[in-house]
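# Architecture at a glance
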Amino acid sequence: MANTFIAVEGPQDVELIAAVLKPRGFKKKVHEDDLPERFGKRLIRKDYPIDGDLHARVPNPMFMTDGSNWVAIQSAGGATLELITLVSRVLNALKSFPGALDAIGIVRDTDELSAPEQFAHLRTELSSRLNREPEEFANYELQLPMSVNENIIDGKPNFGIYMLPDNEHEGTLENLVLECGECIYPQLVNRSRDFVDDVRELAELNSKDKSQVKKPFGKEKAIIAAAVSILKPGMSLAVSLDQNRWFSEESLNLPSMKKLIQFLRNLCQLES
Amino acid sequence: MAFHLDRFKIHAFRQLKGLELKGLGRVNLLVGANNSGKTTVLEAIAAHCQPLEPMAWLEIARRREIKSSREPILDSIKWLFPQTGSSDVDDPYFQGRVQMEAEGTTPNLETIATYEGFIGERPDDEADWESENGVATTPDPSSYRERGARIHLSTTVRTFDSLIYMATPDPEGKATCDEEFELWESRAFKAPMREDSTPKSPTATVSPFAHRVEPLQVSQWSKLRHAGIAESDLLNAARLIDPEIEGFELLDRTGIRSSLFVKHRITGLTPVSVLGDGLRRAIAIALNLFAARDGVLLIDEIESAIHKDGLGTLFGWLTKMAQQHNVQLFVTTHSLEAVDALVEARFRQDDGLLTGFRLPKTNSGEIVARYSGSSLDELRHGGLEVR
């Protein structure tokens with residue numbers, strides 16, 4: 001029995017992790033009363049409205065359990081800084097309760113540097129925050145993983161970092177989704193790619209439009225969005241990842257997905 | 001930066017055992033569930049800061065009790081000592097030991113108090129007899145044998161302080177001073193007369209109902225004026241709650257006792273006793289803050305009687321004054337609004353000296369959690385619970 005918290009960049013990353021856990025018997029829990037007192041309940045926001053915005057969603061973790069293990073997955077709403085702030089907040093929130101947190105993980109895109117460099121940068125920033133004050137995390141025995149090749153380290157709690165798409169190459173969640181899409185929806189993805197290739201250079205797009213079109217990994221995001229608009233018209237990628245077949249038995253057997261699954265199995269201390 | 005207390009460990013005091021607060025700051029916020037020992041920590045600090053003062057120990061022992069239904073002082077004191085779980089609550093031979101240790105600029109490094117219960121012949125001093133209605137009576141000679149307790153207080157000070165307190169240093173560079181007194185079940189306690197030169201620190205406590213104890217305010221006001229505290233300092237605190245207040249007066253209208261009045265722009269001279277709870281609370285906190293200059297101020301349930309909209313302003317003033325007068329604050333609260341107001345006050349003062357501690361529930365397996373001001377800010381801006 002283990003409690004794991006995983007910080008990810010955005011809501012679609014939450015669905016990616018959930019998709020990996022579902023075949024392992026994990027189910028979402030959405031009622032506060034179902035959550036463990038010293039884990040889930042201490043991680044729920046109780047403030048509304050967030051920063052005075054009446055329409056902003058209350059950013060709570062997604063809680064999943066297989067009846068024995070619990071995993072909380074939360075979008076940080078950003079990259080390095082936001083991920084570290086979220087991890088620091090969770091460690092602070094649970095430090096009264098020894099054993100409440102068995103593992104903590106970060107899943108981040110490799111969209112600015114190479115995987116080893118991005119990992120090293122994240123690790124440096126994380127180390128700086130966790131050592132901000134000598135006594136702040138004294139209730140834990142925290143260590144940080146050393147490199148992309150040794151990306152989980154034992155401690156109290158265990159700590160893991162995974163770089164998307166495959167802990168090796170530069171890329172993002174979208175690269176992984178595209179790979180899965182090519183496996184499950186090959187024609188839809190190919191035609192979406194043709195469509196995107198066709199329209200990216202339209203003359204009617206002005207310089208401001210093109211600056212968006214040419215953003216890093218913009219093409220991959222556009223291809224997936226085009227496919228999602230067919231599979232789930234009007235819905236977000238996160239909804240489509242949850243409700244369509246992007247991550248089904250066949251795609252979960254792809255080498256890049258197997259690497260992610262292995263990371264999560266080790267981090268969450270799962271048997272299968 | 002060194003504070004009066006940088007670290008404080010309660011080895012044993014009431015029900016608390018082995019509770020350590022490390023990395024204390026200028027303003028120390030104590031949160032936790034009911035019965036987690038927040039008030040007990042304040043009491044332990046108060047005792048440690050005045051370790052050889054019998055009257056301070058008696059006052060701490062009595063502070064929780066309502067005057068009309070007090071336990072005999074012997075029993076009130078006994079409950080400061082960890083109980084053994086014995087079924088005989090009246091065990092006359094109860095023995096207990098209290099121990100606290102500290103680091104910081106405090107002169108007191110360690111405080112040890114022992115309680116040794118006995119049955120013996122009470123010293124004959126008819127003038128001191130108490131009856132239930134408070135009227136002195138002549139005792140029945142056959143009842144001279146009764147429960148008593150010998151309280152031994154000791155404190156360890158540093159070598160450089162040993163000369164001041166007439167203590168002999170040991171080879172480790174520490175020296176011990178002590179004090180002993182006896183309590184009897186039915187005899188009022190009289191503090192021994194001696195020079196006021198024991199190692200102690202200025203200490204003041206604001207209980208949740210302190211603002212309703214008028215005589216206390218009169219005596220504090222008088223002491224502060226004698227000590228040279230400007231009326232304007234107190235006025236600034238009162239004006240945070242009611243800007244119409246123009247000054248203070250100590251008046252004796254009955255010829256029996258004096259009362260503290262405010263000069264109010266609308267209501268004129270108005271006794272403090274008829275003011276709203278919030279204003280009286282602010283005045284009580286301010287009076288105690290100045291009384292604790294260069295020492296510690298202990299505020300239990302800081303949110304008591306103050307409207308949530310006034311908390312931020314009051315705490316901003318309080319943290320500023322605490323810095324200005326070198327007062328270390330220890331405050332307890334159950335209120336998230338109070339936590340948020342303190343976090344905000346810290347940032348308004350641009351002062352990284354707020355520290356929070358969540359005390360564990362008794363026998364729950366939980367441990368003390370320390371939060372820096374930044375951690376508290378991070379948690380509360382993330383909407384998470386800290387209590």
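Residues numbered from 1 in each chain as written. Chains lettered and ligands numbered in written order. Predicted model: local features only at pLDDT ≥ 70, side-chain atom pairs only at ≥ 80, totals over all residues.

The next thing to look at is the overall build of chain B. Of regular secondary structure, chain B possesses 10 helices and 15 strands. Among the 387 residues that make up chain B, the fraction classed as buried is 43%. For chain B, the proportion of contacts with a sequence separation of at least 24, taken over those separated by at least 6, is 69%. (Helix = DSSP H or I, 4+ residues; strand = E, 2+ residues; numbered from the N terminus. Buried ≥ 20, exposed ≤ 12 C-beta atoms within 10 Å, placed from the backbone. Contact = placed C-beta atoms within 7 Å.)

All names here are of chain B. Here A191 lies in the loop between β7 (174-184) and β8 (203-206). C-alpha separation for the pair A191 and F357, spaced 166 residues apart in sequence, amounts to 35 Å. Leaving out residues up to four positions away in the same chain, A191 has contacts with P54 and M55.

For the rest of this paragraph, the subject is the interface of chain A and chain B. Many analyses report the size of an interface as the accessible area lost when the parts associate. Between chain A and chain B, the contact holds 19 residues from the first and 19 residues from the second. Classifying every residue of the side of chain A that touches chain B by side-chain character gives four nonpolar, five polar and 10 charged. (Nonpolar A, V, L, I, M, F, W, Y, C, P; charged D, E, K, R; others polar.)

With that settled, consider the nonpolar core. The tendency in soluble globular proteins is for nonpolar side chains to be buried side by side. Grouped together as the largest cluster of nonpolar side chains are 177 residues, with contacts concentrated most on I17 of chain A together with I45, I77, A282, L289 and L342 of chain B. Of all the elements, helix α7 (residues 277-291) of chain B adds the most residues to this core, at 10 residues. (Core = buried A, V, L, I, M, F, W, Y, C linked by C-beta atoms within 7 Å.)

Residues and elements named next belong to chain B. With burial as the criterion, only one face of strand β4 (residues 95-103) is covered, namely that bearing G96, V98, M100 and A102; the residues Q95, R97, Q99, E101 and E103 on the opposite face remain uncovered. Here strand β1 (residues 7-13) runs beside β4; their pairing, made up of five bridges, is antiparallel. For R7, the partnering residue across the bridge sits in β4 and is E103. Strand direction decides the pairing type here: β4 and strand β5 (residues 108-121), joined by seven bridges, are antiparallel. Counted as the bridge partner of Q99 is I112 from β5. In this structure, the hairpin formed by β4 and β5 is closed by a connection of four residues, where G104 is found at a positive phi of approximately 145°. (Pairing = 2+ DSSP bridges.)

Our next topic: the sheet that holds strand β4 (residues 70-75) of chain A. All names here are of chain A. Ordered by their spatial adjacency, seven strands build an open sheet running β2-β3-β4-β1-β5-β7-β6, and the pairing between neighbours is mixed. For this open sheet the edge positions go to β2 (27-29) and β6 (152-153), each flanked by a neighbour on one side alone. With two bridges joining them, β6 and strand β7 (residues 158-164) adopt antiparallel strand pairing. Paired with I152 across the two strands is G160, which belongs to β7.

Right, let's talk about helix α4 (residues 173-184) of chain A for a bit. For α4 of chain A, which comprises 12 residues, the first-to-last C-alpha distance of 16 Å matches the rise-based estimate of 16 Å (1.5 Å per residue) to within 8%. Within α4 of chain A, the full set of buried residues consists of L173, E174, N175, L176, V177, L178, C180 and G181 of chain A. (Expected span 1.5 Å × (residues − 1).)

Right, let's talk about the confidence of the model for chain B for a bit. Chain-level statistics for chain B give a pLDDT mean of 84 and a share of 87% at 70 or above. Scored as a whole, the predicted complex attains pTM 0.88, and scored at its interfaces, ipTM 0.87. (pLDDT = per-residue confidence, 0-100.)

This next bit is on the sheet that holds β4 of chain B. All names here are of chain B. Strand order in the open sheet made by the six strands is β2-β1-β4-β5-β6-β7, with antiparallel pairing throughout. The open sheet terminates on both sides in strands that have one partner only, identified here as β2 (16-22) and β7. Neighbouring strand axes in the sheet, compared pairwise and without regard to direction, differ in orientation by 10° on average. Direction of pairing for β5 relative to strand β6 (residues 145-158): antiparallel, over a ladder of 13 bridges. Bridging across to β6, F118 finds its partner in G148. The sheet contacts of helix α1 (residues 38-49) involve β1, β2, β4 and β5, and relative to β1 the element is tilted by about 100°. (Axes fitted to C-alpha atoms, helices over the stretch in contact; angles between N-to-C directions.)

So, about unusual backbone geometry. Residues and elements named next belong to chain A. Here the residue pair Y48 and P49 is connected by a cis peptide bond, since its omega of -5° sits within 30 degrees of zero. Its location among the elements puts P49 in the loop between β2 and β3 (62-65). Omega for the bond connecting L164 with P165 falls within 30 degrees of zero, at 10°, which places this linkage in the cis form. A positive phi angle, near 65°, is found at N167, a position not held by glycine. Mapped onto the secondary structure, N167 falls in the loop between β7 and α4. A positive phi angle, near 60°, is found at F217, a position not held by glycine.

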